[in-house]
Amino acid sequence: MTVNKLRSTNHSLTTMQYATHILLGLLFFLYPFINKADQEELAEKVNETISVQNILQERKSLIETIKPSLVTVQYFLRYDKYGKPPILADFDCPGCGRKHHFNGERFVIEERPLEIPGYLIAPDQVLSADVVINPKFVRKLIIRADGAEVNATITRYCVEQPTIILQLDKPLPNRQPLSFAPATAEEPEKLFTISSSLDRGFGQITVRPFKPTMAIELPDIGKEFLPVPPHSIVAETTGTAFGFSTYPGIMNNASWRESPLSWPGLTTRQMNNLLNSVKDLVSHGVFRVKLVFRSPKMNENKQHNLQKQQRIETEFITAGILYDTDKLLIIADLSARDTARLEQILVYTPNNADIIPGSFAGSLRDVGGLIARIPTASQKTFKPVKLSEKSLLAKTWQLLPKANIRIFGEQLDCSFGHTRIEGFEPGQSNRLFPVISGDNVGVFIFSHNLELLAFPLQRRIKIGSSHKDNPPIHTISQACYFTQILQELEQHIDPHNIPLKENEEERLAWLGTEVQPLNSELAKANHVSSLSDNGKHGVLLTYVYPHSPAATAGLKPGDILLRLFVENEPNPIDLNSGDYSARAPFPWEHLDKIPESYLDKIPSPWHSVENQLNLTLTNLGFGKKITIQCFIDGEVANKNFVIEKMPKHYELAPRLNSTELGIIIRNLTYEVRRYFQMTTASPGVIISRVVPGGKAAVSGLKPYEIITRVNGRPVMNVEDFKNLISNQKELRLEIKRMTENRIAKIHQ
């Protein structure tokens, strides 16, 4: 209790003593004049007053007995070598029973120590809660009591309980260590829990009766606890300690009667040896991996940039776990469009001594990782990491070694320490994800026999789900779930998330439609406000290509697509077309007035096929079975599709770069022919770029004009154009600009 509470207790005792004397006087004076029932009631009140007075006096005496054993543990913190602030575990307050969150950076900035209670259990040893902080963040440790300060170091880490034992440089003056009764001593009738805590700058001592009448059973781990305040002493009225509680209480067996000095633990030397073993394991089984990608294609159709959002450019550095002699699990949540550009997997051996090439073996469907193979001839310095097959439930609150593995530039930075599992959060498929103490960024947790227990392998966000609505809240997963995946690996490989050849990487899926998004006005006019969340999702068909999947399904302009359902997936995907902002008409009549230097910046006259609807279908994967909920002729209808590849669009059309003419041309694709209202039999190739100052530019050619004939002969594709301009001194090009035609001459 606080200093003020102690003063209040003394005042209460004085008041109650005075009240007792008055009641006794009244009883003596009035006793002959009252009936028997009133006499008994008055006597009962006097006895109650005396009982409360005795209880308060008893507890005050117990506090005074315990106080010489209470100290304050001070952690003076600092940043690490990368300037990262210290990350601390939450502290289970024995005073209020709630968790207190410590902002490690705040203590450094404010130049003050983190303070938590401690208990003197020997003249030069202190028992304290384990705040689970990496030693690199601790500048010094101080034990403080009554103004005296002594330096301290951690000398022992308790394995089963979240506590540590600190060794003092010298005993503190005027301090008395706790006296623990032998485990064989008979348990007294009356026991109390005494806990020390810090609240709003005041030291607080709380005394509660120890009444083990209710137990908390944890059947999943086969343990039963008695709910008492964490980090508290169980003592009799004389101050002799009969046990010490940790979180979530004390074991409902004889083990709680043991002195903390007899608890299983690791000395500092043993802890260092364990962490060195983990370090050696990580250096030979967890590697820096560089994924090398082709550069994303530059989109000449510049008004749309949907495909470039959240995309990896040319390199991605991450960690890989060697789980078999020739197999590596690479932690990387790559989209299908990024994986399509993957060209190399480079595995760096310890100290970057060698670079081992890896080969792609598959992407995991439900979690953010991919499998790679490494050649067996290069495994001299490699040692597979054994993945645990057991659940972590039984290891709750146990001391477990860990490695924090982070990426800094092209370096894999590893730091080593320990953690404790505080509990579990249920997640995908009812799996349990560990909640740990301390820093949880890039955490690899190991057992004492060096099995990998947990690591940062997160689930993939489902297509159509936003990070806001479906955030990846679980940073680490139990290794036993991955061992289950390995047993049925083929069933967990995504056949659509694979590297592709350059001419295939930008292939899109399609329905064969042109669409525009709904808004509140369109939704109301089409009577789908309630079905589309007032127009926040849904797309309106404005055109359906003949012989396309949409045409085959009977869809037509004016129909509305609301959402789609994927085979074997529980959540529907609301459909959107992405940004479809209105644009000014293409400046065909002003094309000749635009300076050459600005011609490359002109967007295409047609809307890009790379809208959000087609990208969603592409990310789901070709060949996937889907059902689309539609609104057709005033009724809701479901249409079944198999996702198909789009015919080659403008960005993927075969092209010819004629450096001699200073021009790039492409074949006409389906959406280009649709815009210019040309049939598949109509001749022509489209100009996609004119080099400033080149022969084509001098002759007045402009982007998005169509060359229909060369020297009187029709041009059907870029191969025809290449053959027709070969060995010709003069070229007579027939040019079509929308509905206007002209002749351009070029002398070679």
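Residues numbered from 1 in each chain as written. Predicted model: local features only at pLDDT ≥ 70, side-chain atom pairs only at ≥ 80, totals over all residues. Heavy atoms only, no water.

### Quick word on the overall build of the protein
As a reminder of what qualifies: Here a strand is any run of E in DSSP of at least two residues, a helix any run of H or I of at least four, and the numbering for each starts at the N terminus. Using a 1.4 Å probe on the protein chains alone, a residue whose accessible area is under 20% of its type maximum counts as buried, one over 50% counts as exposed, and one in between counts as partly exposed. Note on definitions: a residue-residue contact is assigned when non-hydrogen atoms from the two residues lie within 4.5 Å. Accessible areas in this description were obtained via Shrake-Rupley with a 1.4 Å probe; residue shielding takes into account the shown protein chains only.
When its secondary structure is counted, the protein shows twelve helices and 44 strands. Residues counted as buried form 49% of the 748 residues belonging to the protein. If you take every contact in the protein between residues at least 6 apart in sequence, the share linking residues at least 24 apart comes to 66%. Looking at the protein as shown, the accessible area adds up to about 36500 Å², and 50% of this sits on carbon and sulfur atoms.

### Points about the confidence of the model for the protein
Operational definition: By definition, pLDDT measures how confident the predictor is in each residue, and it falls between 0 and 100.
On average, residues of the protein score 84 in pLDDT, and 84% of them reach the 70 mark or higher. Here residues 1-14 is a poorly scored stretch, pLDDT under 50, and it has 20 contacts once near neighbours within four places are set aside; other chains count. Confidence over residues 300-309 falls short of pLDDT 50; this stretch has 38 contacts with residues more than four positions distant or in other chains.

### Let's talk about the sheet that holds strand 19 (residues 327-331)
Across a sheet, strands are paired by hydrogen bonds formed along the backbone, either parallel or antiparallel in direction. Where we set the bar: At least two DSSP bridges between two strands are required for those strands to pair. Under this scheme, a helix contributes an axis fitted over its contacting stretch, all axes are lines through C-alpha atoms, and angles between N-to-C directions fall in the 0 to 180 degree range.
The sheet built from six strands closes into a barrel, its strands ordered 17-18-19-22-21-20 with antiparallel pairing. Adjacent strand axes in the sheet meet at a mean angle of 40°, parallel and antiparallel pairs treated alike. Bridge count between strand 21 (residues 355-363) and strand 22 (residues 369-373): four bridges; the pairing is antiparallel. Residue pairing across strands places Gly362 opposite Ile371, the latter belonging to strand 22. Against the sheet, helix 4 (residues 268-285) touches strand 17 (286-293) and strand 18 (315-322), its axis set at about 30° to strand 17.

### Here's the deal with the pairing of strand 32 (residues 539-544)
Bridging between strand 31 (residues 513-517) and strand 32 involves five bridges; their strand directions are antiparallel. By the bridge assignment, Val515 is partnered in strand 32 with Leu541. Sheet topology note: the strand 32/strand 33 (residues 560-566) ladder contains two bridges and is antiparallel. Within the sheet, the bridge partner assigned to Val539 lies in strand 33 and is Leu561.

### As for helix 9 (residues 612-620)
Worth spelling out the cut-off: A 3.5 Å cut-off defines polar contacts: any pair of N or O atoms within that distance qualifies, except that in protein one atom must be a possible hydrogen donor and the other a possible acceptor, and neighbouring residues in sequence count only when both atoms are side-chain atoms.
For helix 9, the buried fraction is high: seven of the nine residues fall into the buried class. Turning to helix 9, its buried residues number three or more, namely Leu613, Asn614, Leu615, Thr616, Leu617, Thr618 and Leu620. If you check the start of helix 9, you find a side-chain oxygen 3.1 Å away from the backbone N of Leu613, and it comes from Asn611. Following helix 9 by one or two positions, Gly621 has its phi on the positive side, about 110°.

### Digging into the sheet that holds strand 23 (residues 400-408)
Judged by pairing direction, the sheet is antiparallel, and its five strands sit side by side in the order 24-23-27-28-29 without closing on themselves. Here the strands that pair on one side only, and so sit at the sheet edges, are strand 24 (411-419) and strand 29 (477-478). Here two bridges tie strand 27 (residues 443-446) to strand 28 (residues 452-455), and the two strands are oriented antiparallel to one another. In the strand pairing of strand 28, Phe446 is matched with Leu452. Along the sheet, helix 4 makes contact with strand 23, strand 24 and strand 27, crossing strand 24 at roughly 145°.

### Overview of the packing of aromatic side chains
The line we're drawing: Any two of the Phe, Tyr and Trp rings considered here, Trp counted by its six-membered ring, make a pair once their centres fall within 6.5 Å; the pair's planes then place it as stacked at under 30 degrees, edge-to-face at over 60, or tilted in between. Geometrically, a charge over a ring is one whose NZ (Lys) or CZ (Arg) sits within 6 Å of the ring centre while staying within 35 degrees of the ring normal.
What the rule picks out here adds up to 18 aromatic pairs. When the ring of Phe287 is compared with that of Phe382, the centres are 4.4 Å apart and the planes differ by 40°; the resulting orientation is tilted. Separated by 95 residues along the polypeptide, Phe287 in strand 17 and Phe382 in the loop between strand 22 and strand 23 bring together distant segments of the chain. Across the pair, exposure class does not vary: Phe287 and Phe382 are buried alike. Site record: aromatic cluster; members linked through ring pairs are Phe586, Trp588, Trp606, Tyr650, Tyr675, Phe676 and Tyr704. The residue whose ring lies beneath Arg288 is Tyr348, and the NZ or CZ to ring-centre distance is 3.8 Å. Arg431 extends its terminal NZ or CZ atom over the ring of Tyr481, reaching a point 4.9 Å from the ring centre.

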